[in-house]
Amino acid sequence: MLDKLGKSLSFQSDALVLRSKRQAMITSNIANSDTPGYKATDVNFSKVLSQKSGKTAPSSSPGANSQPKLAMAKPEGASSTMIRTSSFHMEGKPVDTSLLAESAQYRRGSTASIDGNSVNLEVERASFAENTVKYEAALKSLNGRIQTLMDAIKGNGR
Amino acid sequence: MSLFNSFKVAGSGMYSQTQRLNTVASNIANAETVANSEDTVYQARKVVFEAQLKRAMGNQASASAGVAVKEVTVNDSPAKKVYDPSSPLADNNGYVYLPNVNIAEEIVDMISSSRSYQASAEVMNTSKQLMLKTLNLGG
């Protein structure tokens, strides 16, 4: 029962986690807008989310898939597992954060300046604003789901 | 939670830009500092940034990177030589030496730096608001 409740929220919470990861990624692009040699990165969000939630992407643009992949090493000890000290404890699944780092891609189409920096501050700020709004949308959707469950639990009479 | 990471990264950006502003301030303040030889005259300084992938992400796999000042470089182009025999610092030939600071360049650097600072500050503000909204989840 509880597991089903958790599952009904998992898509939204996955989306929320990935949105916050992307937020951090764009933040680092903005912070590094003056760093020589820094290359702006971003992710194909719908692809990563569908990978994570095990669903197929509705339609991903063909151009996005052919972007060069950013090779990124996974640090050791990055995965954490929950330890159960009693058989009554619920099973905790570790949050898989590696997926986003693996699918990070260099942003294309921006001309690098003479110091090798490819951050376009306007593009980054636009992406940041977009991601903020979508984060709030995911938050709202999650909130709505929780509200629905609460209504179902409480019943009509309250 | 990676919104905390956003704070760290934006904070590192703000801190680095502050250091850049500091060097600009130092260059402008010393633009008229004369010296009696080319070896002792003030030279314009400039910071070089570096992405800090490891430190920002701590133990988690993530592609976000903070920024830090890698080094402060000194501009070693020749100092301006001005004939001013009345100056107490004039050398035997009556010359004093002025720093190689280019004020126009420094002002441009200052504007660029303050814009970057503003961008990071805005990012931090937005992240904070998102976080507060997330704290209210289900309420």
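> How do you make sense of the pattern of salt bridges when you look at a structure like this?
Side-chain pairs of opposite charge can arise whenever the charged atoms involved come near each other. The tally for this structure, following the rule as stated, stands at 10 salt bridges over all chains. Where A:E130 meets A:R22, a salt bridge forms, and the shortest distance between an N and an O atom there is 3.5 Å. Of this pair, A:E130 sits in helix α5 (residues 121-154) while A:R22 sits in helix α1 (residues 2-31), and the two are 108 residues apart along the sequence. The buried category is assigned to A:R22, whose relative accessible area is 6%. The closest approach of N and O atoms between B:K133 and A:E136, which form a salt bridge, is 2.8 Å. Placement of B:K133 in helix α3 (residues 103-135) and of A:E136 in helix α5 is noted, with the two residues assigned to different chains.

> Before we go on, may I ask you to explain the packing of aromatic side chains in this structure?
By convention here, two paired aromatic rings are described through the distance between centres and the angle between planes. All names here are of chain B. Scanning the entire structure with this criterion turns up two aromatic pairs over all chains. Geometrically, the ring pair formed by F4 and F7 is tilted, given 6.5 Å between the ring centres and 50 degrees between the ring planes. Of this pair, F4 and F7 both sit in helix α1 (residues 2-29), separated by three residues, roughly a single helical turn. Summarising the aromatic geometry, the rings of Y83 and Y95 are spaced 5.3 Å apart at their centres and angled 65 degrees between planes, so their arrangement reads as edge-to-face.

About the criteria used
- Within every chain, residues take consecutive numbers counted from 1 along the sequence as written.
- Labels are handed out in written order, letters beginning with A for the chains and numbers beginning with 1 for the ligands.
- Confidence filtering applies because this is a predicted model: local features only for residues at pLDDT of at least 70, side-chain atom pairs given and counted only at 80 or more, and all residues used for totals across whole chains, interfaces and linings.
- Only hydrogens and water are removed before side-chain values are computed, so all heavy atoms of the structure are retained for them.
- One side-chain nitrogen of Lys or Arg within 4 Å of one carboxyl oxygen of Asp or Glu is enough to make a salt bridge.
- Helix numbers and strand numbers start at the N terminus; a helix is a DSSP run of H or I with at least 4 residues, a strand a run of E with at least 2.
- Partly exposed describes any residue whose relative accessible area lies between the buried limit of under 20% and the exposed limit of over 50%, with all areas from a 1.4 Å probe on protein chains only and scaled to the type maximum.
- In summary, the pairing rule links any two rings of Phe, Tyr or Trp, Trp by its six-membered ring, whose centres are within 6.5 Å, and it sorts them by plane angle into stacked for under 30 degrees, edge-to-face for over 60 and tilted for everything else.

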